[in-house]
Amino acid sequence: MSHQATENATELLHAADGVERAITLLRAGALVAVPTETVYGLAADASNPLAVAKIFTAKGRPANHPLIVHLGQMSQLADWAVDIPAEAYLLAQAFWPGPLTLLLNKAPKVSDVVTGGKQTIGLRLPAHPLLLQILQQSGLAVAAPSANPYKKLSPTSAEQVLAGLNGKIAAVLDGGDCQVGLESTIVDLSGGQVQVLRAGPVSAAELEAVLGVPITTPQSHNVAVPGNVKAHYQPSKPLQMFSRNQLLKLLPAAQDVILICHSHDVANNYKGTILRLASEKTAYARALYRTLFQADSLAGSQIWLEQPPQEPAWADVNDRLARACHP
Ligand code: TXA
Ligand code: MG
């Protein structure tokens, strides 16, 4: 059996020096995983199609799934998009830097490799200081999906990036644990009607408050977002979701189960392994992927999760969990 040339180890970069090294690697067309406030992204120079193509190989992601391009300045919007409506600037001013992606009509120069052949492009200005430093010092824009193998959980720490992509990417820049913990809200401004295509940390109510018009959120966001397949964001162990009442009945007889819950009485009814989440939404979202990663690494054959509140403010959490659960 013949072996390929040995894969290079992935460099682990830290703060000050790491920013310089990340810029050098990105300019050379290499892949660098970078921290954002939502999840870690797998970045490539968005103006270099050969570099961007490597993202799909490293992740095992289908080529028609478009990528979000990350900017360091709002003024770069016009480099990447055309026919930009006034709403885009209103939302950018209100929420950038932050977890909001604007879907706009792409500028002619944007490579099909970035947009998966679509005529639209997702753009966002992220809030992590290290990534902003990379973007602003270099003037680059980077295409970056979440830094996980296709369909797996999105990483919220450098260690989680390495767990999935070690040896497949040039480097990861350690920026600590992500503050938000769930992927950005995607809002479509490319057509007539403003629509949320992926629920996220910026809620539809917050968008409405800025724009002064009602904004629709499709029940499931597979409309026009090819990357949003039903099974996604999955831990390796089977994950099942139960209501609090169901758990109170089932737990006394449960075996080999890792329980993830946010209610005291649920936790009090189980003698096995328990991982607790906060009952407040922001803290819950921040810890969710990390907790699912942790559950995967513990002894136990399955994960049971207490269903979070079914309320509009929890739309992003419920959306991701619906995809994370095994059918
Ligand atoms: O918070 C985030 O958005 C993170 C960080 C790294 O910025 N990124 C992220 O990227 O979640 P990704 O590729 O894992 O998810 C982006 C989603 C995909 O489902 C993709 O199909 C969709 O956005 N998307 C991107 N550009 C699009 C476009 N032009 N039209 C429709 N959907 C698009
Ligand atoms: Mg992703």
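Just above sits the structure.
The structure reproduced in this document is the subject of the present report. (Residues numbered from 1 in each chain as written. Chains lettered and ligands numbered in written order. Predicted model: local features only at pLDDT ≥ 70, side-chain atom pairs only at ≥ 80, totals over all residues. Heavy atoms only, no water.)

Running from N to C, helix α1 (residues 15-27) and helix α6 (residues 129-138) cross one another at 50 degrees; their axes reach a closest spacing of 10 Å. Considered as vectors, α1 and α6 are oriented oblique to each other. Considering how the two elements wind past one another, α1 and α6 form a crossing that is right-handed. Residue-level contacts link A15, V19, E20, A22, I23, L26 and R27 of α1 to L130, Q133, I134, Q137 and S138 of α6. When grouped by side-chain class, the residues that make up the contact of α1 with α6 number seven nonpolar, three polar and two charged. (Axes fitted to C-alpha atoms, helices over the stretch in contact; angles between N-to-C directions. Helix = DSSP H or I, 4+ residues; strand = E, 2+ residues; numbered from the N terminus. Parallel < 35°, antiparallel > 145°, perpendicular 65-115°, else oblique. Left-handed = near helix turned anticlockwise from the far one by under 90°. Contact = heavy atoms within 4.5 Å. Nonpolar A, V, L, I, M, F, W, Y, C, P; charged D, E, K, R; others polar.)

Under the criterion given, the structure shown has three aromatic pairs. Between the aromatic rings of Y233 and Y289, the centroid separation amounts to 6.3 Å while the plane-to-plane angle is 15 degrees, which identifies the pairing as stacked. A residue pair is termed long-range when its members are at least 10 positions apart, and Y233 in the loop between α8 (204-211) and β12 (239-242) and Y289 in helix α11 (residues 281-297) qualify at 56 residues. A relative accessible area of 3% places Y233 in the buried class. You can call Y289 buried: its relative accessible area is 1%. Between the aromatic rings of Y284 and W314, the centroid separation amounts to 5.0 Å while the plane-to-plane angle is 75 degrees, which identifies the pairing as edge-to-face. Here Y284, found in helix α11, pairs with W314, found in the loop between β15 (302-306) and α12 (315-324); they are 30 residues apart in sequence, far enough to count as distant. You'll find Y284 and W314 in the same group, each marked buried. Geometry around W80 places K109 over its ring, the cationic atom sitting 4.4 Å from the centre. (Phe/Tyr/Trp six-rings, centres within 6.5 Å; stacked < 30°, edge-to-face > 60°. Buried < 20%, exposed > 50% of the residue type's maximum accessible area, 1.4 Å probe, protein only. Lys NZ or Arg CZ within 6 Å of the ring centre and 35° of its normal.)

Moving on to the site of ligand 1. Taken together, 24 residues form the shell around ligand 1, and within it T38, H70, S146, S184 and R198 come nearest. The contact in question runs from an oxygen atom of ligand 1 to an N or O atom on the side chain of S184, over 2.6 Å. Relative to its unbound accessible area of 680 Å², ligand 1 is 97% covered by the protein chains. If you list the elements that add at least two residues to the shell around ligand 1, you get β4 (68-70) and β7 (120-124). Counted by class, the shell around ligand 1 contains eleven nonpolar, eight polar and five charged residues. (Near = heavy atom within 4 Å. Polar contact = N/O pair within 3.5 Å; in protein donor to acceptor, adjacent residues only side chain to side chain. Areas by Shrake-Rupley, 256 points an atom, 1.4 Å probe, with all protein chains shown as cover.)

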